[in-house]
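# Structural overview for review
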Amino acid sequence: MNLPSRHNRDELNSTAEREFEVVEWSHGKSVIRNDSVVVEEPMEIRVLFGPASQRTMRNVSITMRTPGHDEELAIGFLVTEGLLTDREQIEQVETRGVDETGRETGNIVRVSLRPEVKFDPTRLQRHFFSTSSCGVCGKASLEALAVQGLKALENDSYCLPSRSIGMIPAALRRRQATFAKTGGLHGTGLIDSNGQVVCTREDVGRHNAVDKLVGRYFLDRKTPLSKYAMIVSGRVSFEIMQKALVASIPVIIAVGAPSSLAIETAQSYNMTLIGFASDTRFNIYSSPHRITKS
């Protein structure tokens with residue numbers, strides 16, 4: 001079975017950044033120097049499914065991402081979209097793809113499912129809304145989660161000491177090697193009950209970083225993630241909450257602000273949502289019982 005390994009599990013590969021020549025102005029003076037910039041490239045996810053006598057290949061997604069941990073991203077996407085539920089459904093994961101010059105890019109990830117697996121790609125036809133001013137957006141989005149069969153989290157065994165929260169954003173930043181060079185990546189990390197960041201992922205898309213993290217643990221047969229919290233380096237949106245809910249993550253910590261729909265999702269599904277986390281303060285928007293004073 002050709003599946004991604006755990007090698008360099010917290011680092012992106014060497015194609016994650018590029019050098020560009022820039023003219024930097026500072027204090028009225030200019031200087032020419034090289035600047036490290038994060039790479040953004042499309043990645044296509046293809047799924048091979050169906051009985052042995054009638055295999056079907058389907059392109060299920062094209063996402064803009066930062067190269068690195070691509071297999072985890074593909075698997076995490078399929079998990080958080082509700083298309084994969086068990087590690088044993090996967091037969092093989094392959095990375096391939098060439099550009100117009102014939103150069104290998106690795107920008108196509110093909111996930112082959114076992115012949116007996118029932119796969120319904122129409123589940124990807126989700127509700128998308130073009131503006132936040134639509135009056136039914138929030139209601140319809142929450143209803144879509146119910147249609148997927150998602151239920152409120154019932155396992156309340158995970159607790160996080162309040163004193164740990166102020167240290168978690170800095171712990172995440174210390175593990176964001178590519179962000180330190182480029183300043184252009186979102187990061188996410190899983191946190192154990194002692195407040196320790198145990199695994200991180202980076203990507204130009206915050207939702208991709210979450211998928212990479214979930215994909216890694218799914219491949220390692222360590223999902224659901226009900227014994228962990230998750231931190232995201234920027235704001236938290238409905239899409240992040242949806243992915244966390246599918247993975248059964250009970251506590252979400254954001255360095256930035258939550259959206260109104262993120263808060264409503266947390267309240268509806270018994271998820272603890274924390275925003276504006278820093279070394280001096282944080283806000284709890286939902287289910288504060290998981291945060292202890294000790």
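None of the values given here were measured: they were computed from a predicted structure.

Parameters and conventions
- Residues numbered from 1 in each chain as written.
- Predicted model: local features only at pLDDT ≥ 70, side-chain atom pairs only at ≥ 80, totals over all residues.
- Heavy atoms only, no water.
- Pairing = 2+ DSSP bridges.
- Helix = DSSP H or I, 4+ residues; strand = E, 2+ residues; numbered from the N terminus.
- Axes fitted to C-alpha atoms, helices over the stretch in contact; angles between N-to-C directions.
- Contact = heavy atoms within 4.5 Å.
- Core = buried A, V, L, I, M, F, W, Y, C linked by side-chain atoms within 4.5 Å.
- Buried < 20%, exposed > 50% of the residue type's maximum accessible area, 1.4 Å probe, protein only.
- Polar contact = N/O pair within 3.5 Å; in protein donor to acceptor, adjacent residues only side chain to side chain.
- Patch = residues over 30% accessible without salt bridge, like charges linked within 9 Å, V, L, I, M, F, W, Y side chains within 5 Å.
- Areas by Shrake-Rupley, 256 points an atom, 1.4 Å probe, with all protein chains shown as cover.
- Salt bridge = Lys/Arg side-chain N within 4 Å of Asp/Glu carboxyl O.

### Examining the sheet that holds strand 8 (residues 186-191)
- Taken in spatial order, the six strands of this open sheet run 9-8-10-11-12-13, and their pairing is mixed. Where the open sheet ends on each side, the last strands, each with one partner, are strand 9 (197-203) and strand 13 (283-286). The mean angle between the axes of side-by-side strands here comes to 20 degrees, regardless of whether they run parallel or antiparallel.
- Helix-sheet contacts for helix 8 (residues 260-268) involve strand 12 (272-275) and strand 13, and the interaxial angle to strand 13 is about 60 degrees.

### Remarks on the nonpolar core
- Residues I75, M230, V236, I252 and M271 are the most contacted members of the largest nonpolar core, which totals 53 residues.
- Excluding residues that lie within four positions of it along the chain, I75 makes contacts with L84, I90, V93, V111, G215, F218 and L219.
- L160, I165, L172 and A277 belong to the second largest nonpolar core, which has 15 residues in total.

### Let's talk about the side chain of E44
- Inspection of the secondary structure puts E44 in strand 3 (residues 41-49).
- Among the polar contacts listed, one links the side chain of E44 to the side chain of N59, at a separation of 3.4 Å.
- If near-sequence neighbours (up to four positions away) are discounted, E44 is found in contact with N59, S61, I62, N107, I108 and V109.

### A few points about the side chain of S36
- By the secondary structure assignment, S36 is in strand 2 (residues 29-38).
- Take S36: its relative accessible area is 13%, and that puts it in the buried class.
- Polar side-chain contacts of S36 include one of 2.6 Å to the side chain of E19.
- What S36 contacts, discounting residues up to four positions off in sequence, is E17, R18, E19, K181 and T182.

### A closer look at a nonpolar patch on the surface
- Among the surface-exposed residues, V23, W25 and I32 lie close enough to one another that they form a single nonpolar patch of about 380 Å² accessible area.
- Note on placement: V23 falls in strand 1 (residues 17-26).

### Points about unusual backbone geometry
- With omega at 5 degrees, the peptide bond leading from T223 into P224 counts as cis.
- Within the chain, R221 stands out as a residue other than glycine whose phi angle is a positive 60 degrees.
- Structurally, R221 is set in the loop between helix 6 (206-219) and strand 10 (229-232).
- The phi torsion at N270 lies on the positive side, around 55 degrees, for a residue other than glycine.
- Along the chain, N270 turns up in the loop between helix 8 and strand 12.

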